[in-house]
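# Structural characterization, general
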Amino acid sequence: MTTQPKEQQPPARFWSVDDVDAMDFDPVMEELLHEDSMTRIKLPHGEGDAWVAAKYEDVRFVTTDPRFSREALVGRDVTRLAPHFIPLDDAVGFTDPPEHTRLRKTVAKMFTARRVEQLRPRAQQIADRMLDGMEQAGPPTDVMEHLNTPFSLAGISELMGVPEEDWPKIAHWARRVISASHGRAVSERAKEEIGAYFDALATARTDDPRDDVVSAMAAAELDGELTRKELVAMAVLMEISGTNSVRFNSSNMVYLLLTHPEHLARLRAEPEVLPQAVEELLRYVPHRNAVGMARVATEDVPYGGITIRRGDTVYVSYVAASRDPERFEDPHRIDFDRTGNAHLAFGNGPHYCVGPWLARMECQVMIGSLIDRFPRLRLAVPPEQIAWRRGELIRGPEALPVTW
Ligand code: HEM
């Protein structure tokens, strides 16, 4: 494969990805947003270096141009944040259209805005039950332990068709798979175990279908639309994303509201603002550290004064792009009245998140119910005493002690 002679490429900056506390914006992302063009980075694991797109328009370009491939990433030890790759090899994340379109089609109908809306009353019931538990536990207590963690797990697990008695196992595996801190072997083993679990569940649902995602995928497998390995990889990715992304994102939202009393007061006074508040918080929350899965250029791509060479690794930062001052006025300010809030928190292009409507609905139900139930909710410790996750992929608090 041709690669650009080193001397013609801008030097790569080593991104050590130091932990950033609270909801502070990573200073490296801030720098990347002010570069003239896309630049090159080197991350703590893997080989070589990579281009990174941080600005909104650059991210949109890379994520929609078919010359940047996910399939070409398979088997390559590219520079990256985690010691291992998160998805299983056959997962949607590693495919390009038309394979990718075929896989996504098998679950798309289970995650539409309409279908998710039908789940809202059940989600409300679950949240109410969990808040009863929190009230009984009494203040001070950890809201993540009582609400964000179990609710996120319950939401995706019910939809997938995972029986309640298996939720603790799933939570354990999910945590290990996304963790950068337990090491590669632990994550790989958790990935195998959760994969075997969904393989067995798919077999059970083939024989006895129900109204859940695994049954829908098992039916698609019978129709020859996807293989068992693809089914398992997709199920694992959905379960893990559904559990962890919503868990931490919603915890970050609660933290932001409790540390921005003016926004919290507004939500209490005008509950109808909740959907747009959640949307703005999705834009604002720096969901992850550094960057996620790369793409690989399948041919030379001249772009804005640089040439990305065939074989080059390319990353995008959805977190940075959602704070791009060229796209969002006063991007570091939380503004529930922001108009045209086309943030990229759920990604862009073919790999756009499978569960944005589920995530939105769950965040709305959690936050709405929480502030409704506890009119005097506040942090039980000074904000500086909140412990933040260290050395992880997804950002968030370890615990969120509250009182009321
Ligand atoms: C607030 C919560 C969430 C956030 C911030 C989030 C964010 C994202 C982002 C940025 C991507 C695109 C990554 C890329 O370019 O490859 C993505 C993909 C994905 N998300 Fe989410 N997500 C959330 C919740 C969920 C939920 C609830 C599900 C459950 C189904 C889910 C399932 C997935 C899957 C399966 C993909 C891979 C899609 C593909 O490669 O085609 N996510 N998510």
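Residues numbered from 1 in each chain as written. Predicted model: local features only at pLDDT ≥ 70, side-chain atom pairs only at ≥ 80, totals over all residues. Heavy atoms only, no water.

Under an unreviewed UniProt entry, the name given to the chain is Cytochrome P450, and the source organism is Streptomyces humicola.

### Looking at the site of the ligand
Put simply, the rule is: One heavy atom within 4 Å of a molecule or strand is enough for the residue carrying it to be called near that molecule or strand. Whenever a nitrogen or oxygen atom comes within 3.5 Å of another N or O atom, the pair is scored as a polar contact, on the condition that within protein one atom can donate a hydrogen and the other can accept it, and that pairs from neighbouring residues in sequence are kept only if both atoms are in side chains. Helix and strand assignments come from DSSP, with helices taken as H or I runs of at least 4 residues and strands as E runs of at least 2, each series counted from the N terminus.
Lining the immediate environment of the ligand, one finds 27 residues, of which His 100, Arg 104, Tyr 318, His 351 and Cys 353 sit closest. One nitrogen or oxygen atom from the side chain of His 100 is found 2.6 Å from an oxygen atom belonging to the ligand. Taking Tyr 318, its side chain carries an N or O atom lying 2.6 Å from an oxygen atom of the ligand. Of all the secondary-structure elements, those providing two or more residues to the shell around the ligand are α3 (99-108), α10 (228-259) and α14 (356-373).

### Some thoughts on the sheet that holds strand β4 (residues 68-69)
Here is the rule: Being paired, for any two strands, means DSSP has found at least two bridges between them.
Spatial ordering of the open sheet is given by β1-β2-β3-β9-β6-β4, a layout of six strands whose pairing is mixed. What marks the edges here is a single partner per strand, and that holds for β1 (12-14) and β4. Here strand β3 (residues 50-53) runs beside strand β9 (residues 313-316); their pairing, made up of three bridges, is parallel. Each residue of the ladder has a partner; that of Val 52, found in β9, is Tyr 315.

### Let's talk about the packing of helix α6 (residues 143-160) against α10
Using the following cut-off: As a rule, the C-alpha atoms of each element are fitted with a line to give its axis, helices using only the stretch in contact, and angles between N-to-C directions run from 0 to 180 degrees. We call two directions roughly parallel when the angle between them is under 35 degrees, roughly antiparallel when it is over 145, roughly perpendicular when it lies between 65 and 115, and oblique otherwise. Put simply, a crossing is left-handed when the front helix is turned counterclockwise from the back one by less than a right angle, and right-handed when it is turned clockwise. What makes two residues a contact is simply this: any of their non-hydrogen atoms within 4.5 Å.
Across the interface, α6 lies against α10 with an axial gap of 9 Å and an inter-helix angle of 150°. Taken together, the axes of α6 and α10 are roughly antiparallel relative to one another. Note on packing geometry: the crossing formed by α6 with α10 is right-handed. Residues Val 143, Met 144, Asn 148, Thr 149, Ser 152, Leu 153, Ile 156, Ser 157 and Met 160 of α6 lie in contact with α10, whose contacting residues are Ala 235, Met 238, Glu 239, Gly 242, Thr 243, Val 246, Arg 247, Phe 248, Ser 250, Ser 251 and Val 254.

### Some words on the layout of surface pockets
Our working definition: A pocket, in this scheme, is an open set of points on a 1 Å grid over the protein atoms alone with protein on both sides within 12 Å along at least 5 of 7 lines, while a cavity is a set where a 1.4 Å probe fits but cannot get out; residues line either one if an atom lies within 4 Å of a point. Grid points are joined across faces, edges and corners, and a volume is the space filled by probe spheres set on the points. For this classification, the nonpolar set comprises Ala, Val, Leu, Ile, Met, Phe, Trp, Tyr, Cys and Pro, the charged set comprises Asp, Glu, Lys and Arg, and every other residue, Gly included, is treated as polar.
Estimates place the volume of the largest pocket at around 330 Å³. Leu 119, Arg 122, Gly 155, Glu 158 and Leu 159 are, among the 22 residues lining the largest pocket, the residues nearest its centre. Secondary-structure elements contributing two or more residues to the lining of the largest pocket are α5 (120-137), α6 and α14. Residue classes in the lining of the largest pocket are distributed as ten nonpolar, three polar and nine charged.

### Focus on the sheet that holds strand β10 (residues 378-379)
The strand order across the open sheet built from three strands is β5-β11-β10, with neighbouring strands paired in antiparallel fashion. Of all the strands in the sheet, just β5 (141-142) and β10 have a single pairing partner and so form its edges. Both β10 and strand β11 (residues 401-403) contribute to a ladder of two bridges, which runs antiparallel. Paired with Leu 379 across the two strands is Val 402, which belongs to β11.

### Regarding the pairing of strand β2 (residues 39-42)
In regular strands, side chains alternate between the two faces of the sheet. Put simply, the rule is: By convention a crossover is right-handed if, when the strands point away from the viewer, the path from the first strand over the helix to the second runs clockwise.
Here β1 runs beside β2; their pairing, made up of three bridges, is parallel. Within the sheet, the bridge partner assigned to Phe 14 lies in β2 and is Lys 42. Once you follow β1 into helix α1 (residues 27-33) and on to β2, the crossover reads as right-handed.

### Some points on the coordination of the iron atom of the ligand
Heads up, the rule is: For Na, K and Ca the donor cutoff is 3.2 Å, while for all other metals N, O and S atoms count as donors only within 2.8 Å; water does not appear among the atoms, so some sites may look incomplete.
In this structure the iron atom of the ligand is ligated by exactly one protein donor, Cys 353 (SG), at 2.3 Å. Inspection of the secondary structure puts Cys 353 in the loop between α13 (318-321) and α14.

### As for the packing of aromatic side chains
Where we set the bar: Only the six-membered ring of Trp is used, alongside the rings of Phe and Tyr, when aromatic pairs are assigned; centres must lie within 6.5 Å, and planes under 30 degrees apart are stacked while those over 60 apart are edge-to-face, with the rest tilted. Burial classification: accessible surface area is computed with a 1.4 Å probe over protein chains only, and a residue below 20% of its type maximum counts as buried, one above 50% as exposed, and the rest as partly exposed. Charges are assigned to positions over rings by a cutoff of 6 Å between ring centre and Lys NZ or Arg CZ, combined with an angular limit of 35 degrees from the ring normal.
A complete count under the given rule lists eight aromatic pairs for this structure. With centroids separated by 6.0 Å and ring planes inclined at 80°, the aromatic side chains of Phe 61 and Phe 68 adopt a geometry described as edge-to-face. An angle of 40° between the planes, with centres 4.3 Å apart, marks the rings of Phe 374 and Trp 404 as tilted. Of this pair, Phe 374 sits in the loop between α14 and β10 while Trp 404 sits in the segment after β11, placing them 30 residues apart in sequence. Of the residues examined, Phe 374 reaches a relative accessible area of 2% and is grouped as buried. For Trp 404, a relative accessible area of 22% translates into the label partly exposed. One aromatic cluster in this structure is built from Phe 61, Phe 68 and Tyr 303. When the ring centre of Phe 328 is taken as origin, the NZ or CZ atom of Arg 283, which lies over that ring, is 5.3 Å away. Over the ring of Tyr 284 we find Arg 323, and its NZ or CZ is 3.9 Å from the ring centre.

### Things to note about α14
The criterion, for reference: Given a helix with a known number of residues, its expected span is that number minus one, times 1.5 Å.
Along its 18 residues, α14 runs 25 Å from first to last C-alpha, staying within 8% of the 26 Å computed at 1.5 Å per residue. Of all the 18 residues making up α14, 14 are buried; the element is thus mostly covered by neighbouring parts of the structure.

### Remarks on the side chain of Arg 338
Structurally, Arg 338 can be placed in the loop between α13 and α14. Residue classification places Arg 338 among the buried positions, given a relative accessible area of 14%. Here the side chain of Arg 338 touches Asp 330 through a polar contact of 3.2 Å, landing on its backbone oxygen. If we skip the residues at most four places from it in the chain, Arg 338 touches Glu 280, Arg 283, Phe 328, Glu 329, Asp 330, Pro 331 and Arg 333.

### Some details on the nonpolar core
Basically, it comes down to this: Nine residue types can take part in a nonpolar core, namely buried Ala, Val, Leu, Ile, Met, Phe, Trp, Tyr and Cys, and a core is a set of them joined through side-chain atoms within 4.5 Å.
In this structure, Trp 15, Met 160 and Phe 198 are the most contacted members of the largest nonpolar core, which totals 113 residues. With 15 residues, α10 is the single largest residue contributor to this core. With sequence-adjacent residues up to four places away left out, Met 160 is seen in contact with Phe 198, Asp 212, Val 213, Val 214, Met 217, Ala 235, Met 238 and Glu 239. Phe 61, Phe 68, Val 314 and Leu 344 belong to the second-largest nonpolar core, a separate cluster that totals 18 residues.

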